[in-house]
Amino acid sequence: MADQAVIGGSGASLLPALARRSEAVVIPLAALVVGFAIFAVFLLTQGKSPADFLGLVWKGAYGSAFSWQNTLSRAAPLLFAALCVALPARLGLVVIGGEGAIVLGGVAVGALGPAMAHVPAFIALPLMAAAAMSVGAVWIGAAGALRHYRGVNETISSLLLAYIAIALMNQLVEGPFRDPASLNKPSTAPLAESLRVGNLPGMDVHWGLAFGILGCVVSWILIDRTTWGFAARIAGGNVRAAQVQGLPVGRLILGFTALAGGFAGLAGFFEVTAVHGSANASLAAGYGYTGILIAFLARHNPLAIIPVAILLAGFGAASGLIQRRMGLPDATILVLQGFVFLSILISDTFYGRYRIFAPERWGR
Amino acid sequence: MEHDIGLWAIPIAILGGAIRVSTPFLFVSLGEVLTERSGRINLGLEGTLVFGAMAGYATAVVTGSAWAGVIVAALSGSLFGLLHGLICSLPKVNDIAIGIAMMLFGTGLAFYFGKPFIQPVAPDLPAIPLGFWSDLPQLRAALEVNVLFLIGIVLALGMAWMFRATRVGLIIRVVGDSTDAARAMGLRPALIRTLATATGGAFAGVGGAYLSLYYPGSWNEGISSGQGLMAVALVIFARWNPIACFGAALLFGGAGALGPALQSVGVTQGYYLFYAAPYVLTLGVLIAISSPNRAMTGAPGELSITK
């Protein structure tokens with residue numbers, strides 16, 4: 001402690017604070033680079049050039065206004081999907097079933113569409129968004145409730161719920177909500193033109209992006225700047241301690257998982273109202289699973305989710321170009337994600353190991 | 001129809017389906033029992049299963065031998081298990097999160113390398129017609145039992161005996177129940193857990209080979225829809241007992257066969273809901289056997305999922 005006082009007292013207190021904070025940035029970034037490096041070796045074993053790959057990712061994801069718009073449109077559902085993992089993670093819960101809430105949120109919107117066709121959009125859209133959020137909240141909240149009241153592992157239950165949700169969607173879209181005109185691909189009736197969510201002013205990117213970023217900022221405020229978020233972090237660190245302190249652990253778990261599911265449901269809302277125009281099997285596009293990786297890469301920090309989601313959306317946007325130009329299968333992006341995911345989890349072992357991030361150990 | 005057996009067709013179809021569908025459940029859950037008894041959880045067996053299905057099918061296409069496919073599937077599964085085990089031996093690494101990453105990693109690699117093998121046809125694994133005594137074609141079809149199913153039964157019995165009566169079984173149990181006790185005995189918990197995870201991965205790989213080489217008997221990207229994950233839940237249901245795993249696998253297989261069985265007698269309503277039956281059953285079973293307050297009986301003491 002004496003060293004710290006000397007360093008701090010000399011007016012250079014910025015440096016230790018910076019060092020402490022940079023650990024959570026430097027280690028994930030290094031893990032990202034290592035993950036890419038391993039992937040580059042993998043590409044070399046396949047006789048492909050990693051430089052070509054990077055060049056195409058750049059071109060397909062960020063190289064032009066058009067590719068930026070493609071990337072940002074894909075980022076919108078990923079922001080919500082990542083929040084669905086990051087919020088429960090603050091309570092120490094690993095929820096991986098966001099896909100189910102996205103799918104059912106979308107189905108709710110598609111099912112409400114015909115009834116809302118003649119309702120003014122400024123009433124109908126918020127109602128439909130609320131319906132999508134509620135369905136998602138119930139779905140992921142159920143995993144939280146099972147965890148709290150029955151001790152059922154939330155990782156397994158949420159993924160099982162996602163499989164059940166996809167089966168439910170198929171049943172509903174082919175059964176009661178099916179539009180008889182949708183022959184090859186069973187879908188709900190197309191939404192009225194007035195109910196389609198448009199693009200952000202001056203961009204070819206739909207409003208889902210703005211709401212996704214807003215969701216991340218709100219979640220950050222909730223976690224970092226409110227007493228609920230503080231209580232959740234305590235409960236996530238040590239449930240016993242939180243209970244001894246009289247924190248309402250059950251309500252926190254229910255609230256955070258329901259909010260997480262609500263965000264995922266909102267992803268389904270934007271996918272239907274802004275992208276597909278009706279609910280069908282395209283809703284199960286795997287955004288929920290990419291969201292898991294994004295949340296872990298962002299270390300469950302809602303603000304960090306924004307750049308990470310844009311990064312990973314870029315790979316998705318460039319995927320078509322990579323398939324055509326390099327003759328690589330579409331699963332190449334999954335392989336890359338796998339390497340990055342493993343590398344980021346392995347990096348957990350390096351926290352607290354390096355003196356450079358710990359100012360109190362500098363002098364020794 | 002020559003033999004009109006009416007509604008009897010449903011239980012017979014479910015029996016046959018249970019035998020056919022349960023084998024991958026059985027192998028994955030036995031692998032997971034071995035891993036979890038050593039104190040670790042491998043949620044990545046879903047990815048191992050899919051990769052095993054691809055590797056087994058591809059090998060069978062190239063070599064023309066289904067058994068070579070099974071062996072390669074087992075080897076690739078043990079490599080995935082080894083990777084999981086080694087990563088989890090590092091301090092501060094979360095085995096559940098690694099499992100999720102391995103799930104995505106294994107599936108991604110399987111899709112990547114499996115692309116050229118979606119079209120070609122591989123030889124099937126042999127089946128033994130145990131229904132020869134009956135002249136009901138439905139019963140004969142139901143009792144076409146694959147050799148791997150029988151191997152699975154032997155494996156379950158062998159593992160139960162190993163845990164109860166052998167030195168290896170005792171070592172795995174000690175490591176799983178208390179890291180400190182294991183260290184005091186001079187054992188190396190990380191090494192033993194890694195070996196147990198690698199062996200468990202090999203079992204899951206064989207389960208995958210069964211999927212692609214016997215039932216449904218082809219390789220495609222939708223070959224497994226959560227069987228690997230359900231098998232992990234099944235292990236909790238079976239209380240980490242290999243013989244109970246066999247019963248649980250049959251039950252889950254029967255639930256999976258419910259939809260096709262009803263379809264075979266002309267019930268087409270709610271097809272997708274019956275398709276979801278195994279997931280609902282898994283969830284229901286988890287809810288029924290879990291408890292928020294007490295540790296589960298039979299659970300290894302070091303297991304993160306039940307702590």
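Residues numbered from 1 in each chain as written. Chains lettered and ligands numbered in written order. Predicted model: local features only at pLDDT ≥ 70, side-chain atom pairs only at ≥ 80, totals over all residues.

## Some remarks on the domain arrangement of chain A
Residues and elements named next belong to chain A.
Turning to step 1, where the next piece is worked out: Here chain A is described as being made up of domain 1 (1-48 + 337-364) and domain 2 (64-327).
Turning to step 2, where the next piece is worked out: Taken together, the contact pairs 7 residues of domain 1 with 5 residues of domain 2.
Turning to step 3, where the next piece is worked out: Those elements that place two or more of their residues in the side of domain 1 that touches domain 2 are helix H2 (14-45) and helix H14 (332-346).
Turning to step 4, where the next piece is worked out: Sort the elements by how many residues they give to the side of domain 1 that touches domain 2 and H14 lands first, with 4 residues.
Turning to step 5, where the next piece is worked out: When its residues are assigned to classes, the side of domain 1 that touches domain 2 shows 5 nonpolar, 1 polar and 1 charged. (Domains from an automatic or database assignment. Contact = placed C-beta atoms within 7 Å. Helix = DSSP H or I, 4+ residues; strand = E, 2+ residues; numbered from the N terminus. Nonpolar A, V, L, I, M, F, W, Y, C, P; charged D, E, K, R; others polar.)

## Structural notes on the interface of chain A and chain B
Turning to step 1, where the next piece is worked out: Contact residues are listed per partner, giving 35 residues for chain A and 40 residues for chain B.
Turning to step 2, where the next piece is worked out: Of all the elements in the fold, those that place two or more residues in the side of chain A that touches chain B are helix H6 (121-150), helix H7 (154-174), helix H12 (287-297) and H14 of chain A.
Turning to step 3, where the next piece is worked out: Sorting elements by how many residues they give to the side of chain A that touches chain B places H7 of chain A first, with 10 residues.
Turning to step 4, where the next piece is worked out: In terms of residue class, the side of chain A that touches chain B is made up of 23 nonpolar, 10 polar and 2 charged.

## Examining the environment of valine 145 of chain B
Turning to step 1, where the next piece is worked out: Within the secondary structure, valine 145 of chain B sits in strand E2 (residues 144-146).
Turning to step 2, where the next piece is worked out: Setting aside its immediate chain neighbours within four residues, valine 145 of chain B contacts Ile19, Ala127, Ile128, Leu130 and Leu150 of chain B.

## Observations regarding the nonpolar core
Taken as a class, soluble globular proteins show a tendency for nonpolar side chains to be buried jointly.
Turning to step 1, where the next piece is worked out: Ranked by internal contacts, the top residues of the largest apolar core, which has 227 residues, are Ala82, Ile305 and Ala309 of chain A together with Leu234 of chain B.
Turning to step 2, where the next piece is worked out: Tallying contributions element by element places helix H11 (residues 249-276) of chain A first for this core, with 15 residues.
Turning to step 3, where the next piece is worked out: Domain assignment of the residues forming this core places at least three in each of domain 1 (1-48 + 337-364) and domain 2 (64-327) of chain A.
Turning to step 4, where the next piece is worked out: In this structure alanine 309 of chain A touches Ala75, Leu78, Leu79, Ala82 and Ile294 of chain A, once residues within four positions along its chain are discounted. (Core = buried A, V, L, I, M, F, W, Y, C linked by C-beta atoms within 7 Å. Buried ≥ 20, exposed ≤ 12 C-beta atoms within 10 Å, placed from the backbone.)

## Concerning the packing of helix H4 (residues 65-89) of chain A against helix H5 (residues 98-116) of chain A
In helix packing, the relevant descriptors are the interaxial angle and the interaxial distance, both defined with respect to the helix axes.
All names here are of chain A.
Turning to step 1, where the next piece is worked out: Put simply, H4 and H5 touch, their axes get as near as 9 Å, and they point 130° apart. On the basis of their axis angle, the class for H4 and H5 is oblique. The crossing of H4 and H5 is right-handed. Across from Pro77, Ala81, Cys84 and Val85 in H4, the residues of H5 making contact are Gly98, Ala101 and Ile102.
Turning to step 2, where the next piece is worked out: In the contact of H4 with H5, the residues fall into 6 nonpolar, 1 polar and no charged. (Axes fitted to C-alpha atoms, helices over the stretch in contact; angles between N-to-C directions. Parallel < 35°, antiparallel > 145°, perpendicular 65-115°, else oblique. Left-handed = near helix turned anticlockwise from the far one by under 90°.)

## Topic: the confidence of the model for chain A
Residues and elements named next belong to chain A.
Turning to step 1, where the next piece is worked out: Mean pLDDT over chain A stands at 91; residues scoring 70 or higher make up 96%.
Turning to step 2, where the next piece is worked out: Taking the mean pLDDT of every element in chain A, the minimum, 43, falls on helix H1 (residues 2-9) and the maximum, 97, on helix H8 (residues 208-225).
Turning to step 3, where the next piece is worked out: This model gives residues 1-10 a pLDDT under 50, and the stretch forms 12 contacts once residues within four places in sequence are excluded. (pLDDT = per-residue confidence, 0-100.)

## Topic: the confidence of the model for chain B
When pLDDT is low, close inspection of the predicted coordinates is not appropriate.
Residue and element names in this part refer to chain B.
Turning to step 1, where the next piece is worked out: Put simply, chain B has an average pLDDT of 90, and 97% of its residues get 70 or more.
Turning to step 2, where the next piece is worked out: Within chain B, the lowest mean pLDDT, 82, falls on helix H5 (residues 137-142), and the highest, 97, falls on helix H3 (residues 66-88).
Turning to step 3, where the next piece is worked out: Interface confidence for the predicted complex, expressed as ipTM, amounts to 0.91; the pTM equals 0.92.

## Looking at unusual backbone geometry
Residues and elements named next belong to chain B.
Turning to step 1, where the next piece is worked out: Here the residue pair tyrosine 215 and proline 216 is connected by a cis peptide bond, since its omega of 0° sits within 30 degrees of zero.
Turning to step 2, where the next piece is worked out: Along the chain, proline 216 turns up in the loop between helix H9 (189-213) and helix H10 (227-237).
Turning to step 3, where the next piece is worked out: One non-glycine residue, arginine 239, adopts positive backbone phi at about 55°.
Turning to step 4, where the next piece is worked out: Looking at where arginine 239 falls in the secondary structure, it is placed in the loop between H10 and helix H11 (242-264).
Turning to step 5, where the next piece is worked out: Positive phi values are uncommon outside glycine, yet tryptophan 240 reaches one of about 60°.
Turning to step 6, where the next piece is worked out: Locating tryptophan 240 in the fold gives a position in the loop between H10 and H11.

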